[in-house]
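Given next are the chains, with one letter for each unit.
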Number of protein chains: 2
Amino acid sequence: MYVTNANQAVDMADFAQFPTETCALPETRLAAGAHLFREGDAVTRIYQVVAGVVSLNRLLEDGRRQIIAFGLPGDLVGFPCDGRHHTDCEALSLVRLQPFRITQIDCATGDPVLRARFMEAALHEIAAMQDHFMMLGRKSAAERVASFLIALDARTGQDRDGQRRVDLPMSRADIADFLGLTTETVSRVLSQLRKSRVIALDGIHRVVFLRPAALRALATGDCD
Amino acid sequence: MYVTNANQAVDMADFAQFPTETCALPETRLAAGAHLFREGDAVTRIYQVVAGVVSLNRLLEDGRRQIIAFGLPGDLVGFPCDGRHHTDCEALSLVRLQPFRITQIDCATGDPVLRARFMEAALHEIAAMQDHFMMLGRKSAAERVASFLIALDARTGQDRDGQRRVDLPMSRADIADFLGLTTETVSRVLSQLRKSRVIALDGIHRVVFLRPAALRALATGDCD
DNA sequence: CGCGCGCGTTGATCGCGATCAAGCAGCACG
DNA sequence: CGTGCTGCTTGATCGCGATCAACGCGCGCG
């Protein structure tokens, strides 16, 4: 499920473990920057991300962008509504995808086990989006960035030398558009966290958690 | 389909038209201010709002509140995630509700038609939330209020003397918590729209659209 | 009728994050 | 090796919406 908070970190990877007979469609690849689908497109497939990262975007006429969710390995993307996609989906890196025919989801026909999984994924996505709402509507810039790092850590964080490390596979602009901020503000908050020894930056795209408790307190607003 | 934008205004009222045998549960009522369920509660029922309005809320430890959605007549509320509710649900007025057993939704057992309706409702909710994201992340205060009025009009607006009218069944504080603003800002924006003759206020809880086109332009940011 | 209370409105000020701008680091290219 | 480009960082300033405060209005109640 989508990058939003820790309790969403249910492992969906077993989706891919369905026998290929039920999948019936070969894995596809997408280069960084390419679009998997766009808002308004008719939905014929839904996809499970096998490797890489995608973003689900909404655009306003004047160019303002909001990233609804990042799709990480295990996530399902492409939920239809009235047969149409309601976001753009863009690859942020080289992405491998397992497609499923939308007809396999329809209630009349289709595989009941796959359908149940699909339902479960949709309900998890709703819960994940609810956390994201709190972030966008009520949290400060620092709280948003801290929440984001913690959510990403819960999904893809690694242990190394007893410290948590997390890769940021997306640009600062992508993070900003996800959090409802600007790239400048994201950069400033990360610098501030670095200066106060809460995190360290190991290159642009890797964060080391030096004081995870402080980060967690910041994320939930308990720091006052 | 929660109050979010016009293209969500699919009529869900036919949910209630299922023969009572499939419902099997009697309609319930809830007084204004009472809670239907709270975050963390085990999910045994989902509910369709028959009359009145409910809000789905998230709270932060320090009291900050975000309203995820308003549940208007026809809407389904109480989507489970891992068997738990992930929001509070509070009645904003006297509410009538049609409960459904969650077991009727499970894939193994349960009514397939009801299950398909439930799936459709969940997918619509996802799409509606995506619009709300753009609102919270990227729109100005005036754009948020205008978008809200237009979305509410699409759901519950009335024609009267050739003018659209819409009731606001919730308080200014509820609107503010839905839009990620403060009550003062909501009040100021409404006053501004009134002074510029875009809307008129017929009492505290009713808005008349004087210049719907201007309101629509404001909502989408086309006014520049 | 007087009073208190909750909710909404309006005004004054503050501060966070956006905006505008400059500089820097990494990297592909000839 | 130099050059240009792109993405990230940092600084200076601005403005929107939050905050703090006062007031008005409707309404229930003694």
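Residues numbered from 1 in each chain as written. Chains lettered and ligands numbered in written order. Predicted model: local features only at pLDDT ≥ 70, side-chain atom pairs only at ≥ 80, totals over all residues. Heavy atoms only, no water.

Concerning the overall build of chain A
So the rule is basically this: Helix and strand definitions follow DSSP, with helices as H or I runs of at least four residues and strands as E runs of at least two, each counted in order from the N terminus. Any residue under 20% of the maximum accessible area for its type is buried, any over 50% is exposed, and the rest in between are partly exposed; the area is computed with a 1.4 Å probe on protein chains only. Here a residue-residue contact requires only that any non-hydrogen atoms of the pair lie within 4.5 Å. Surface exposure here means Shrake-Rupley accessible area, sampled with a 1.4 Å probe, where a residue is shielded only by the protein chains that are shown.
When helices and strands are tallied, chain A shows six helices and twelve strands. Of all 224 residues assigned to chain A, the portion counted as buried reaches 54%. Counting only contacts in chain A whose residues sit at least 6 apart along the sequence, the fraction spanning at least 24 positions is 73%. Carbon and sulfur atoms make up 50% of the accessible area of chain A, which amounts to about 9,100 Å² in all.

Concerning the sheet that holds strand β6 (residues 76-77) of chain B
Residue and element names in this part refer to chain B. Applied cut-off: Two strands qualify as a pair provided that DSSP identifies no fewer than 2 bridges between them.
Strand order in the open sheet formed by four strands is β1-β8-β3-β6, and the pairing between neighbours is antiparallel. The sheet is open, and its two edges are formed by β1 (28-30) and β6, each paired on a single side. In the sheet, strand β3 (residues 45-51) pairs with β6 via two bridges, with the strands oriented antiparallel. Counted as the bridge partner of Gln 48 is Leu 76 from β6.

A few points about the relation of the copies chain B and chain A
Put simply, the rule is: The superposition of copies rests on a least-squares fit of C-alpha positions from residues with pLDDT of 70 or more in both.
Superposition record for chain B on chain A: RMSD 0.0 Å, screw rotation 180°, translation along axis 0.0 Å. What the superposition gives is, in effect, a two-fold axis relating one chain to the other. In this assembly, 100% of the residues forming the interface of chain B have copies in chain A that are likewise at the interface, indicating an isologous arrangement.

Notes on the interface of chain B and chain A
What counts is decided by this rule: Computed with a 1.4 Å rolling probe, the buried area is the accessible surface lost when two parts are put together, summed over both parts. We define a salt bridge as a side-chain nitrogen of Lys or Arg found within 4 Å of a carboxyl oxygen belonging to Asp or Glu. Identification of polar contacts relies on pairs of N or O atoms within 3.5 Å, with a donor-acceptor requirement for protein atoms, meaning one able to donate a hydrogen and the other able to accept it, and with residues adjacent in sequence counted only if both atoms are side-chain atoms.
Taken together, the contacts link 45 residues of chain B with 46 residues of chain A. In total, chain B and chain A occlude about 4,100 Å² of area from one another, counting both sides; carbon and sulfur atoms represent 63% of this. It is B:Phe133, B:Met134 and B:Arg138 that lose the most area in chain B upon contact with chain A, and together they represent 19% of the buried surface on that side. At the junction of chain B with chain A, the criterion picks out six salt bridges. A:Arg58 is the salt-bridge partner of B:Asp131, the closest N and O atoms lying 2.4 Å from each other. Inspection of the chain B/chain A interface yields 16 residue pairs in polar contact (both at pLDDT 80 or more).

Description of the pairing of strand β12 (residues 206-209) of chain B
All names here are of chain B. Inspection of the sheet shows strand β10 (residues 163-167) paired to β12 by three bridges, in the antiparallel sense. Opposite Arg 165, over in β12, you have Val 208 as the bridge partner. Relative to β12, strand β11 (residues 199-201) runs antiparallel, the two being bridged by three bridges. Of the residues in β12, the one forming a bridge with Leu 201 is Val 207. Hairpin connection of β11 to β12: four residues between the antiparallel strands, including Gly 203 at a positive phi of 80°.

Re the UniProt feature "domain: HTH crp-type" (unreviewed entry) in chain A
Which entries qualify depends on this criterion: UniProt positions are given in the numbering used here, feature names are shortened, and annotations may be inferred rather than shown by experiment.
This chain's UniProt record puts "domain: HTH crp-type" (unreviewed entry) on residues 139-213 of chain A. Note that residues 139-213 of chain A is 52% helix and 20% strand, and that its end C-alpha atoms are spaced 18 Å apart.

Here we look at the protein's contact with DNA strand D
Selection criterion: In these notes, residues near a molecule or strand are those with any non-hydrogen atom within 4 Å of it.
Taken together, the neighbourhood of DNA strand D is formed by 16 residues, with A:Ser187, A:Arg188, A:Ser191, B:Ala141 and B:Thr185 sitting nearest. Near-protein atoms of DNA strand D (within 4 Å) split between backbone and bases, with sugar and phosphate holding 68%. With respect to DNA strand D, the side chain of A:Arg188 contributes an N or O atom lying 2.9 Å from a base nitrogen. Ranked by residue count, the leading element in the surface near DNA strand D is helix α5 (residues 183-195) of chain A, at five residues.

Some details on the pattern of salt bridges
Side chains bearing opposite charge may pair, as long as their charged atoms lie close to each other. Applying the stated rule across the entire model yields 26 salt bridges over all chains. For the salt bridge of A:Arg58 with A:Glu39, the shortest nitrogen-to-oxygen distance reads 3.8 Å. Of this pair, A:Arg58 sits in strand β4 (residues 54-59) while A:Glu39 sits in the loop between β2 (35-37) and β3 (45-51), placing them 19 residues apart in sequence. Linked by salt bridges that have partners in common, A:Arg65, A:Asp174, A:Asp177 and B:Arg138 make up one network.

Describing the pairing of strand β7 (residues 88-91) of chain A
Residues and elements named next belong to chain A. Where burial is concerned, the two faces of β7 agree: the one with Asp 88 and Glu 90 and the one with Cys 89 and Ala 91 are both buried. Strand direction decides the pairing type here: β4 and β7, joined by four bridges, are antiparallel. Its bridge partner lying in β7, Leu 56 is registered against Cys 89.

Let's talk about the UniProt feature "domain: Cyclic nucleotide-binding" (unreviewed entry) in chain A
The UniProt record marks residues 24-78 of chain A with the feature "domain: Cyclic nucleotide-binding" (unreviewed entry), using the residue numbering of this structure. Within residues 24-78 of chain A, the helical portion is 0% and the strand portion 51%, while the C-alpha atoms at the span's ends are 18 Å from each other.

Some remarks on the protein's contact with DNA strand C
Short version of the rule: Residue polarity follows a fixed list, in which Ala, Val, Leu, Ile, Met, Phe, Trp, Tyr, Cys and Pro are nonpolar, Asp, Glu, Lys and Arg are charged, and the others, Gly among them, are polar.
In the neighbourhood of DNA strand C, 16 residues make up the surrounding shell, with A:Ala141, A:Thr185, B:Ser187, B:Arg188 and B:Ser191 lying closest. Close to the protein, within 4 Å, the atoms of DNA strand C belong to sugar or phosphate groups at a rate of 70%. At 2.9 Å from a base nitrogen of DNA strand C is found a side-chain nitrogen or oxygen belonging to B:Arg188. Separating a phosphate oxygen of DNA strand C from a side-chain N or O atom of B:Arg194 is a distance of 3.5 Å. Top element by residues in the surface near DNA strand C is helix α5 (residues 183-195) of chain B. It accounts for five residues. Tallied by class, the residues present in the surface near DNA strand C amount to three nonpolar, seven polar and six charged.

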